[in-house]
Amino acid sequence: MKQRLYWLIPMLALVISIIALYIQNLTEVIEKPEKNWSRALQIGQTSTNNYPTIRKTKNNTIELLELTNDSLQKKIYNNTMTLKSTDTYKKIPVNKWTKFYADAEQLLYFDDHTIIDGTTNEPITAADNFFPLPSAIFYTKDQQLVHLDPKTKTQTVVPSFDETYDDIVITKTQHGYGFLSYKQQGSQIKLNIDHKGNGITNQVVQDTVEIPLHQTIEETTLAMDGEKIAFVLKTKTKGTGGKAPVNTIYLYESVNDSLQKLSFDDPKSEGTLSDVSDISLTFHEGQLRLLFYARGATQTKFREEVGYNIYEATRGSHDFFDVYRRSNTPFVSVKPQRLSPNMITWVDIKNETNPIYLASDQQEIIEKTDSVNQDDLIRGLGKTIGMLSVSFIAIILAFHWLIGPVLFLAISFFTSRKLLDNDTTWLYYGGLVSYFFSFFIFNNRFFIDHIYQTAPNYLTFTGSQYVYGLLFAIIAFVSTHLGSRIKEWSSLIKLFYFITVHVLLLTIVFGPYIF
């Protein structure tokens, strides 16, 4: 064993460094979105591009309608997200754009501009668009909005929609349903907000707002709470000269009666969130809350410091929004929905069939998602292998440290060749001194700013480059001394072995964070 220590010691140091890198990567992969918030808990999957149908019942259970290429199932979870039952509906034609409504007795779906009874496969009515809500169905036909009773199939036209509109948004309120319709004409947007409750429809807002001329509406959402009304407009400006389109978010509140341009700070970096989409609004105890997906900081992927996750923005003091990250996965997270004030769901885009996730501040769910699973281990390993594969490029940056030894050996060769032939000890120690002279002069060529921006704190404290440089020098010196005693190395071989071990250790530890 003693005869192997000269390579076992540096090998052990390398293994420890790689394990530390893997643990660091695994920690980043399984990082919670926020403190006191759970990681993603998969509750189902979907093969459509629509929002999954998920609702929280009065009995505090979660009902999920899971639509795949094979069937439509209803899964029921208790309040700790333990699966209690699964029911399968009659098979219906399914594609990525299938919309449907299902409850305990009824199944209706929308196909080829027709609403169809899923039980009998008989058409109910023609429609231009289909709006299935958790407990109601609306559809549009020839600019008319119609309420369809799922049980009786009774159809009631909702008044106040006799004018043409570009689109309509429907939301559930405490005492009925709210409707936002708009018509864009140049820079002007004509708005109508109506409320239907107890069989009566009332117009609550009729207004005209203005946006820059070249912006077009891409997304809208509405929230109503008593007399409080808010909606969001997301607009798009076409890019010119090959540039990407520019999106702008506007917020309208009845208390301000005007449009307010919004931007959201990234809670995990010093920048702002971009590509904000799939926005939903709600009021909770009078406080306006937004839920959306956006592009922001994450450490779940190799060589990508940003990703698409779910975020929540709540109205804070002084009209500013406090922003919280609500998901943290390596995939594109979209279509967020709020089941309760502190419980959300979303879909991760992976393949043809995409997982549906849930997250909450509920302690039982936090504990259920705290464990490390096989996917986490594999992602941590993949990130580690990727970082190690590029870390060896750092050896190029260490070439500056060879300037001293090369010059020293060259001068020694031309001035005292007999000493080289005699292989005196001073040749080895002189080479070490010249190597460390170059190390201290050119250390900033290796320890670049990107290391201090991305590496963990235990590698980037003040003077860390000298501490680790000295630590690895001791390991290299001891290993070289042991190898020399066993193998009777010459001074040049001892110097080469020392430099190789020293550079290799620094490369494995700091190299993954250079690029």
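What comes next is a walk through the structure. Everything quoted here is computed from the prediction, not taken from an experiment.

**Notes on the sheet that holds strand 9 (residues 123–126)**
Working step 1: Within the open sheet, the four strands sit side by side as 6-7-8-9. Their pairing is antiparallel. The two strands at the open ends of the sheet, each matched to only one other strand, are strand 6 (99–102) and strand 9. Across the sheet, the mean angle separating the axes of adjacent strands is 20 degrees when strand polarity is ignored.
Working step 2: Where strand 8 (residues 114–117) and strand 9 come together, three bridges link them in antiparallel fashion. From the neighbouring strand, Ile116 faces strand 9, where its bridge partner is Pro123.

**Concerning the pairing of strand 19 (residues 228–237)**
Working step 1: Of all 10 residues in strand 19, seven are buried, a share of seventy percent or more.
Working step 2: Pairing between strand 18 (residues 215–225) and strand 19: 10 bridges, direction antiparallel. Counterpart to Ala223 in the pairing with strand 19 is Ala230.
Working step 3: Between strand 18 and strand 19, which pair antiparallel in sequence order, lie two residues; one of them, Gly226, sits at a positive phi of approximately 65 degrees.
Working step 4: Where strand 19 lies against strand 20 (residues 246–253), eight bridges are found, and the strand directions are antiparallel. Note on strand 20: the bridge partner recorded for Lys236 is Asn247.

**With respect to the pairing of strand 16 (residues 188–197)**
Working step 1: A large share of strand 16 lies buried, amounting to eight of its 10 residues.
Working step 2: Strand direction decides the pairing type here: strand 15 (residues 176–185) and strand 16, joined by nine bridges, are antiparallel. Bridging from a neighbouring strand, Gln185 pairs with Gln188 of strand 16.
Working step 3: Connecting the antiparallel pair strand 15 and strand 16 is a turn made up of two residues, with Gly186 showing a positive phi of about 65 degrees.
Working step 4: Examined bridge by bridge, strand 16 and strand 17 (residues 200–210) share 10 bridges and lie antiparallel to one another.

How each quantity is defined
- Residues numbered from 1 in each chain as written.
- Predicted model: local features only at pLDDT ≥ 70, side-chain atom pairs only at ≥ 80, totals over all residues.
- Heavy atoms only, no water.
- Pairing = 2+ DSSP bridges.
- Helix = DSSP H or I, 4+ residues; strand = E, 2+ residues; numbered from the N terminus.
- Axes fitted to C-alpha atoms, helices over the stretch in contact; angles between N-to-C directions.
- Buried < 20%, exposed > 50% of the residue type's maximum accessible area, 1.4 Å probe, protein only.

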